[in-house]
Amino acid sequence: MKFFVDTASIPMIEKFMDMGVVDGVTTNPTHLSKEGVNPVEQAKRILELVKGPVSVEVIATDYATMVNEARAIAGLGSNAVVKIPMTHDGMHAVRTLSSEGIKTNVTLVFSATQALIAAKAGATYVSPFIGRLDDAGENGIALIGDVVQIFRNYAFETKVLVASVRHPIHVIEAAKMGADVATLPPDVLDKMFMHPLTDVGLKRFLDDWSKLSGKYGDVFRELGAQGAAKYEGHMAPKTKRAPQG
Ligand code: G3P
């Protein structure tokens with residue numbers, strides 16, 4: 001399963017990229033508007049920073065303007081994926097863009113029929129919003145199961161990109177169902193690292209270690225100094241990361 005990070009914040013993207021955890025980025029008009037800078041320039045910065053796919057959404061809602069915006073977004077970087085809303089004009093645009101080799105991510109998908117139509121239009125990704133379905137009293141994760149099964153039944157190449165993820169259980173359930181990608185808000189990604197037993201276990205190891213005194217007390221400090229001397233000036237540079245997994 002690939003992980004994208006769902007944000008337009010460069011520090012957040014860098015944080016997870018430097019750990020090699022994320023394979024791409026999804027933005028939306030809400031994320032880009034929160035950054036308080038020129039959204040096109042911000043999108044360009046993200047496209048340059050990240051090697052994997054970066055979704056940037058059109059603002060237009062009519063076919064012709066949407067296609068114009070999408071072509072321009074695609075021109076911002078070879079890794080650009082154009083997010084298109086799930087509307088009649090949107091699916092017309094997806095058909096045109098896919099025939100031109102432009103990658104698309106159909107957004108605001110809330111039903112299996114919408115996902116099926118997006119796949120038939122030639123979408124590269126389809127993004128069911130599971131958290132917003134849960135918020136509305138529906139079962140978001142069940143929709144992922146349905147879409148994965150339908151795409152498998154008919155061998156659609158469209159990837160299932162799980163969006164509006166609210167917590168780590170969403171990710172695990174979607175992974176068990178075979179979803180291709182989950183796009184994760186930074187706080188959910190952070191939570192995926194954590195377990196209270198890890199903290200308890202680490203504290204216990206360090207407490208035990210601190211009881212070691214005398215001639216063995218500093219052996220690891222000395223080891224660390226040797227490592228620092230050996231690798232001085234060889235810290236990994238911050239570069240574009242290749243997509244993983
Ligand atoms: O970017 C699309 C989607 O992931 C937004 O999620 O949290 O606004 O429902 P959310």
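What counts as what
- Residues numbered from 1 in each chain as written.
- Predicted model: local features only at pLDDT ≥ 70, side-chain atom pairs only at ≥ 80, totals over all residues.
- Heavy atoms only, no water.
- Axes fitted to C-alpha atoms, helices over the stretch in contact; angles between N-to-C directions.
- Helix = DSSP H or I, 4+ residues; strand = E, 2+ residues; numbered from the N terminus.
- Parallel < 35°, antiparallel > 145°, perpendicular 65-115°, else oblique.
- Contact = heavy atoms within 4.5 Å.
- Nonpolar A, V, L, I, M, F, W, Y, C, P; charged D, E, K, R; others polar.
- Phe/Tyr/Trp six-rings, centres within 6.5 Å; stacked < 30°, edge-to-face > 60°.
- Buried < 20%, exposed > 50% of the residue type's maximum accessible area, 1.4 Å probe, protein only.
- Pairing = 2+ DSSP bridges.
- Right-handed = clockwise from strand over helix to strand, strands pointing away.

Asker: Which residues make up the packing of helix α5 (residues 88-99) against helix α6 (residues 112-121), and what are the values?
Answerer: At a closest axis distance of 8 Å, the pairing of α5 and α6 adopts a crossing angle of 30 degrees. Classified by the interaxial angle, the pair formed by α5 and α6 is roughly parallel. Contacts from Met91, Val94, Arg95 and Ser98 in α5 reach Ile117, Ala118, Lys120 and Ala121 in α6. Taken together, the residues of the contact of α5 with α6 break down into 5 nonpolar, 1 polar and 2 charged.

Asker: Residue-level account of the packing of aromatic side chains, with values.
Answerer: Think of a pair of aromatic rings as described by two things: how far the centres are apart, and how the planes are tilted against each other in angle. Going through the model one piece at a time under the given rule, you end up with 6 aromatic pairs. Considering the side-chain rings of phenylalanine 4 and tyrosine 125, the 6.0 Å spacing of their centres and the 70 degrees angle between planes classify their relative orientation as edge-to-face. Of this pair, phenylalanine 4 sits in strand β1 (residues 2-6) while tyrosine 125 is found in strand β6 (residues 125-128), placing the two residues 121 residues apart along the sequence. The same class applies to phenylalanine 4 as to tyrosine 125, namely buried. Seen from their ring centres, phenylalanine 16 and phenylalanine 193 are 6.4 Å apart, and the 40 degrees between their planes marks the pair as tilted. Of the two residues, phenylalanine 16 is situated in helix α1 (residues 10-18) and phenylalanine 193 in helix α10 (residues 186-193); the sequence distance between them amounts to 177 residues. Note on phenylalanine 16: relative accessible area 0%, which makes it buried. Residue classification places phenylalanine 193 among the partly exposed positions, given a relative accessible area of 45%. Taken together through their ring pairs, the aromatic side chains of Phe151, Tyr154 and Phe156 make up a single cluster.

Asker: Could you give an account of the pairing of strand β4 (residues 80-85), naming the residues involved and the relevant values?
Answerer: Burial of β4 is extensive: 6 of the 6 residues sit out of reach of the surface. Of the two faces of β4, the one lined by Ala80, Val82 and Ile84 and the one lined by Val81, Lys83 and Pro85 are each fully buried. Both strand β3 (residues 54-57) and β4 contribute to a ladder of 4 bridges, which runs parallel. Bridge assignment links valine 56 to a residue of β4, and that residue is valine 82. Of the crossover connections in this fold, the one passing from β3 over helix α4 (residues 63-74) to the parallel β4 is right-handed. In this structure, β4 lies alongside strand β5 (residues 104-109), joined through 4 bridges in parallel fashion. Within β5, the residue paired with proline 85 across the bridge is threonine 107. Handedness of the crossover joining β4 and β5 through α5: right-handed.

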